[in-house]
Amino acid sequence: MRRGRNETEEERADRMWQELIQEVRVAQMGVQILFGFLLTVVFTEKYADLSDTDQTIYLVTVVLGACATGALIGPVALHRIVAGRRVKPQAVRLASRLTLFGLVLLLATTTASLLLILRVATHDGFVPYLVAGVVGWYLLCWFVLPLWTRHRHTAR
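Thresholds applied
- Residues numbered from 1 in each chain as written.
- Predicted model: local features only at pLDDT ≥ 70, side-chain atom pairs only at ≥ 80, totals over all residues.
- Heavy atoms only, no water.
- Patch = residues over 30% accessible without salt bridge, like charges linked within 9 Å, V, L, I, M, F, W, Y side chains within 5 Å.
- Areas by Shrake-Rupley, 256 points an atom, 1.4 Å probe, with all protein chains shown as cover.
- Salt bridge = Lys/Arg side-chain N within 4 Å of Asp/Glu carboxyl O.
- Helix = DSSP H or I, 4+ residues; strand = E, 2+ residues; numbered from the N terminus.
- Buried < 20%, exposed > 50% of the residue type's maximum accessible area, 1.4 Å probe, protein only.
- Expected span 1.5 Å × (residues − 1).
- Bend = angle between axes of the 7 residues up to and from the residue.
- Contact = heavy atoms within 4.5 Å.
- Phe/Tyr/Trp six-rings, centres within 6.5 Å; stacked < 30°, edge-to-face > 60°.
- Polar contact = N/O pair within 3.5 Å; in protein donor to acceptor, adjacent residues only side chain to side chain.

The next subject is a nonpolar patch on the surface. A contiguous nonpolar patch, built from Trp 137, Leu 139, Leu 140, Val 144, Leu 145 and Trp 148 and spanning about 570 Å² of accessible area, is present on the exposed surface. By secondary structure assignment, the location of Trp 137 is in helix H5 (residues 127-153). Owing to a relative accessible area of 52%, Trp 137 belongs among the exposed residues under this scheme.

Set out below in structure tokens:
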């Protein structure tokens, strides 16, 4: 039984590029909305009332959001700059790595945002545990299940 597709390297790169761009669109929208909201926090009256620790968490969160935005928009710039240069297979591999790195940065941004929000909303000691639980959920959904699926269903 034959597995896979009968396609050239260029055809495969074209298909993989289209799939990657669809995936990036979803992640870009999420990170851009989150980053946009983060940018407004510093201009609210509440910001001055934050503790030094919470202000530090906020600044780290904004920088993580900026880095995630850059990594998730990077594949678009990469494609635009190398389009027509006959390097699509290499560009797809690099764009895929940028996207994965962007997802890791998005996870860090979301984690830091959640930590800050919960610290401000409540001063209970359960906040770190709740954040850890959410991070565990993200890790399961974004990395553990996909890696398990790849390992289980990929021919060796």
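Residues lying three or four places apart along an α-helix face the same way, a consequence of the helix completing one turn every 3.6 residues. Here H5 contains 27 residues, and its C-alpha end-to-end distance of 37 Å stays within 8% of the 39 Å for a straight helix at 1.5 Å per residue. Of all the bends in H5, the greatest measures close to 45° and is centred on Leu 140. Within H5, burial applies to Val 127, Val 131, Val 135 and Phe 143. For H5, the elements touching its buried residues are helix H4 (88-121).

A full pass over the atoms with the stated rule returns three aromatic pairs. With a centroid separation of 5.3 Å and an interplanar angle of 65°, the aromatic rings of Tyr 47 and Tyr 58 are classed as edge-to-face. Linking Tyr 47 in helix H2 (residues 45-49) with Tyr 58 in helix H3 (residues 52-82), this pair joins segments that are eleven residues apart in sequence. Residue classification places Tyr 58 among the buried positions, given a relative accessible area of 3%. With a centroid separation of 6.5 Å and an interplanar angle of 65°, the aromatic rings of Trp 142 and Phe 143 are classed as edge-to-face. The class of Trp 142 is partly exposed, set by a relative accessible area of 29%. A relative accessible area of 17% places Phe 143 in the buried class. Ring pairing ties together the aromatic residues Tyr 138, Trp 142 and Phe 143, which thus form one cluster.

Moving on, we come to unusual backbone geometry. For Arg 86, which is not glycine, the phi dihedral falls at a positive 60°. Summarising the element assignment, Arg 86 is placed in the loop between H3 and H4.

The residue Thr 99 is located in helix H4 in this model. Given a relative accessible area of 7%, Thr 99 falls into the buried group. Side-chain polar atoms of Thr 99 contact the backbone oxygen of Ala 95, separated by 2.8 Å. Setting aside residues no more than four positions away along its own chain, Thr 99 makes contact with Leu 20, Val 24, Leu 72 and Pro 75.

On to helix H1 (residues 9-41). Under the 1.5 Å per step criterion, the end-to-end length of H1 is 47 Å for 33 residues, consistent within 8% with the ideal 48 Å. Turning to H1, its buried residues are Ala 13, Trp 17, Leu 20, Ile 21, Val 24, Ala 27, Gln 28, Val 31, Phe 35 and Leu 38. Looking at the buried side of H1, the elements it contacts are H3 and H4.

Nothing here speaks to function; it is geometry throughout.
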